[in-house]
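Below, each chain spelled out in residue letters.
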Amino acid sequence: MKLELTDLEDFARGAAFLGTGGGGDPYIGKLLAQHAIREFGVPTIIEPEDLADDALVFAIAMLGAPTVLVEKAACGDDIDLAIDKLSERLGRRPDALIPIEIGGVNSTVPLVASARTGIPLVNADGMGRAFPEIQMVTFNVYGSKPTPLSVVDEHLNSAIIDAKDAKTAEDLVRSVAIQMGLSVITANYPVSGDVVKKYAIKHTLTIALEIGRAISQGRKEGCPVEALVNYLRSTKYYKHCKILYDGKITDIKRETTKGFSVGFCRLEPLSGSGDSMEVVFQNENLAAKINGKMVTMVPDLICIVDRETAEPVPVEALRYGQRVKIIGASVPPIMRTPEALDIFGPQAFGLDGPYTPIEDIVMP
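Residues numbered from 1 in each chain as written. Predicted model: local features only at pLDDT ≥ 70, side-chain atom pairs only at ≥ 80, totals over all residues. Heavy atoms only, no water.

(A) Highlighting the pairing of strand β7 (residues 158-161). Note that strand β6 (residues 149-152) and β7 share four bridges and pair antiparallel. Bridge pairing links Val151 to Ala159 in β7. Connecting β6 to the antiparallel partner β7 that follows it, the hairpin turn spans five residues, and Leu156 within it adopts a positive phi of roughly 70 degrees. (Pairing = 2+ DSSP bridges. Helix = DSSP H or I, 4+ residues; strand = E, 2+ residues; numbered from the N terminus.)

This is how it looks when you write it as structure tokens:
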């Protein structure tokens, strides 16, 4: 895969869709990547299958609350320092980098890191979407710890965190992030090439680009949402998908608490009568209900897009009166196992009921 400067608009838009409301603002992410590529050149992207088993791979990401991330973007030196600090701790530079998740910023920050350092970026990620907490990664599900990890703020203050398990690492890094202003860079999950090949969600950078291209082509043909859904149905991960709702936002509650953006939005059909929809979020959209009945739940994707342009709408950009469509989609099978659902299924977020795949609820 190769990403040129001209691909970033589509790539950032597609990544924002897969971020399912989170992962950072795609506009900020696009600007960061454009600046890095103009200054340092196009990053090298490699396929996971090309990694040596004993290669050392770091995940790189921004961490914090999306409402803060839009005001405190990365400067570049913080990204370099996060990689340097973790390398010093391990006594070895990484052979490759990987996005921890797919999202508006957290798909482009790794591009920035790769362009700046010359370290190749793997065409894969650890979530296949975005999640709000650092333990919610397939590497952790199948036995790899996120620590040691480095965390750096915009003033280049830094910390190294060691923890007994991934949830403890999340609690510690969240506390540090709050002290640092809730927008930090972290290098984490130092894993082997063998682990990436077994447990990463592969080729998601390519899928993000193709989603963006499908939306762009759909806009030219006057049907961007339908073009988006048709592309999703052609993928092996997100093929079970459906437009769940078409309406306008009539109520929204969003607050930044304990290091997250949490809340809900409610929607009514444009006619003003009929079934109502509620979407619950914690940085990312977690549950979608129609008249109180669950229709899609985490880890499946719940994505809010502009009903005319299919532009993904992140949680921090939701506004009263927006006219949107809500799309639900499946996730890869590796994210639906009992081990995975223990880490990022509905009960991990305090939601009622066991996980039911989207295709068993709305596409029986």
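(B) Geometry of helix α10 (residues 224-232). Among the nine residues of α10, seven are classified as buried, and the element is accordingly described as predominantly covered. For α10, the full list of buried residues reads Pro224, Val225, Ala227, Leu228, Val229, Tyr231 and Leu232. Check the buried side of α10 and you find it contacts α1 (8-18), α9 (204-221), β10 (241-257), β15 (301-306) and β16 (323-329). (Buried < 20%, exposed > 50% of the residue type's maximum accessible area, 1.4 Å probe, protein only. Contact = heavy atoms within 4.5 Å.)

(C) The sheet that holds strand β11 (residues 260-269), seen in detail. Strands sit in the order β14-β13-β12-β11-β10-β16-β15 across an open sheet of seven strands; the sheet is antiparallel. Since the sheet does not close on itself, it has two edges, and those belong to β14 (293-297) and β15, each with one partner. Taken pair by pair, the neighbouring strands of this sheet meet at an average axis angle of 35 degrees, ignoring direction. Relative to strand β12 (residues 277-282), β11 is paired through six bridges, and the arrangement is antiparallel. Opposite Val262, over in β12, you have Gln282 as the bridge partner. Running over the sheet, α10 touches β10, β15 and β16 and is turned about 5 degrees from β16. (Axes fitted to C-alpha atoms, helices over the stretch in contact; angles between N-to-C directions.)

(D) Spatial organisation of the environment of Glu4. Its location among the elements puts Glu4 in the segment before α1. Considering only alpha carbons, one finds Glu4 and Pro132, 128 residues apart in sequence, at a separation of 29 Å.

(E) Summary view of empty space enclosed by the protein. In the structure shown here, the tally under the stated rule is three cavities of 30 Å³ or more. Every residue lining the largest cavity is counted, 20 residues in all, and those nearest its centre are Met62, Glu101, Asn106, Phe131 and Pro132. Elements represented by at least two residues in the lining of the largest cavity include exactly β2 (56-64) and α3 (66-69). Considering every element that reaches the lining of the largest cavity, the biggest residue donor is β2, with four residues. (1 Å grid on protein atoms, 1.4 Å probe; cavity = no way out; pocket = protein on both sides within 12 Å on 5 of 7 lines; lining within 4 Å. Points joined across faces, edges and corners; volume = space filled by probe spheres on them.)

(F) Seen up close, helix α5 (residues 109-117). Judged by how many residues are buried, α5 sits mostly within the fold: eight of nine residues are covered. Turning to α5, its buried residues number three or more, namely Val109, Pro110, Leu111, Val112, Ala113, Ser114, Ala115 and Arg116. Backbone geometry just downstream of α5 places Gly118 in the positive-phi region, at approximately 80 degrees.

(G) Quick look at the pattern of salt bridges. Applying the stated criterion across every chain, the model contains 24 salt bridges. Salt-bridge contacts for Arg307 lead to Glu308; the nearest nitrogen and oxygen are separated by 2.8 Å. The class of Arg307 is partly exposed, set by a relative accessible area of 21%. For Glu359, the salt bridge goes to Arg336, with nearest N and O atoms at 2.7 Å. Taken together, the residues span a long stretch of sequence, with Glu359 in helix α12 (residues 358-361) and Arg336 in the loop between β16 and α11 (338-344) at a distance of 23 residues. You can call Glu359 buried: its relative accessible area is 15%. A relative accessible area of 19% means that Arg336 is categorised as buried. Among the ionic contacts, a cluster of salt bridges with common partners joins Glu9, Asp10, Arg13, Lys30, Arg219 and Glu311. (Salt bridge = Lys/Arg side-chain N within 4 Å of Asp/Glu carboxyl O.)

(H) Up close: the UniProt feature "domain: S-Me-THD-like C-terminal" (unreviewed entry) in the protein. On the UniProt side, "domain: S-Me-THD-like C-terminal" (unreviewed entry) is annotated at positions that read residues 165-358 here. End C-alpha atoms of residues 165-358 are separated by 31 Å, and the span's content is 29% helix alongside 36% strand. (UniProt positions renumbered as here; feature names shortened; annotations may be inferred.)

(I) Structural detail: unusual backbone geometry. The omega torsion across Thr147 and Pro148 is 0 degrees, close enough to zero to call that bond cis. Looking at where Pro148 falls in the secondary structure, it is placed in the loop between α6 (138-141) and β6. With an omega of 15 degrees, the peptide bond running from Val298 to Pro299 counts as cis. Relative to the helices and strands, Pro299 is located in the loop between β14 and β15. A positive phi angle, near 70 degrees, is found at Leu156, a position not held by glycine. Position of Leu156 relative to the elements: it lies in the loop between β6 and β7. Taking the relative accessible area as the measure of exposure, Leu156 reaches 38% and is therefore partly exposed.

(J) Here's a closer look at the packing of aromatic side chains. In total, this model carries four aromatic pairs according to the counting rule given. Summarising the aromatic geometry, the rings of Tyr142 and Tyr199 are spaced 4.9 Å apart at their centres and angled 10 degrees between planes, so their arrangement reads as stacked. Highlighted residues: Tyr142 in the loop between α6 and β6 and Tyr199 in helix α8 (residues 193-199), separated in sequence by 57 residues. Taking relative accessible area as the criterion, Tyr142 reaches 22% and is therefore assigned partly exposed. Arranged with centres 5.8 Å apart and planes meeting at 85 degrees, the rings of Tyr237 and Tyr238 form a pair that is edge-to-face. Comparing Tyr237 with Tyr238, the two get one shared label, buried. (Phe/Tyr/Trp six-rings, centres within 6.5 Å; stacked < 30°, edge-to-face > 60°.)

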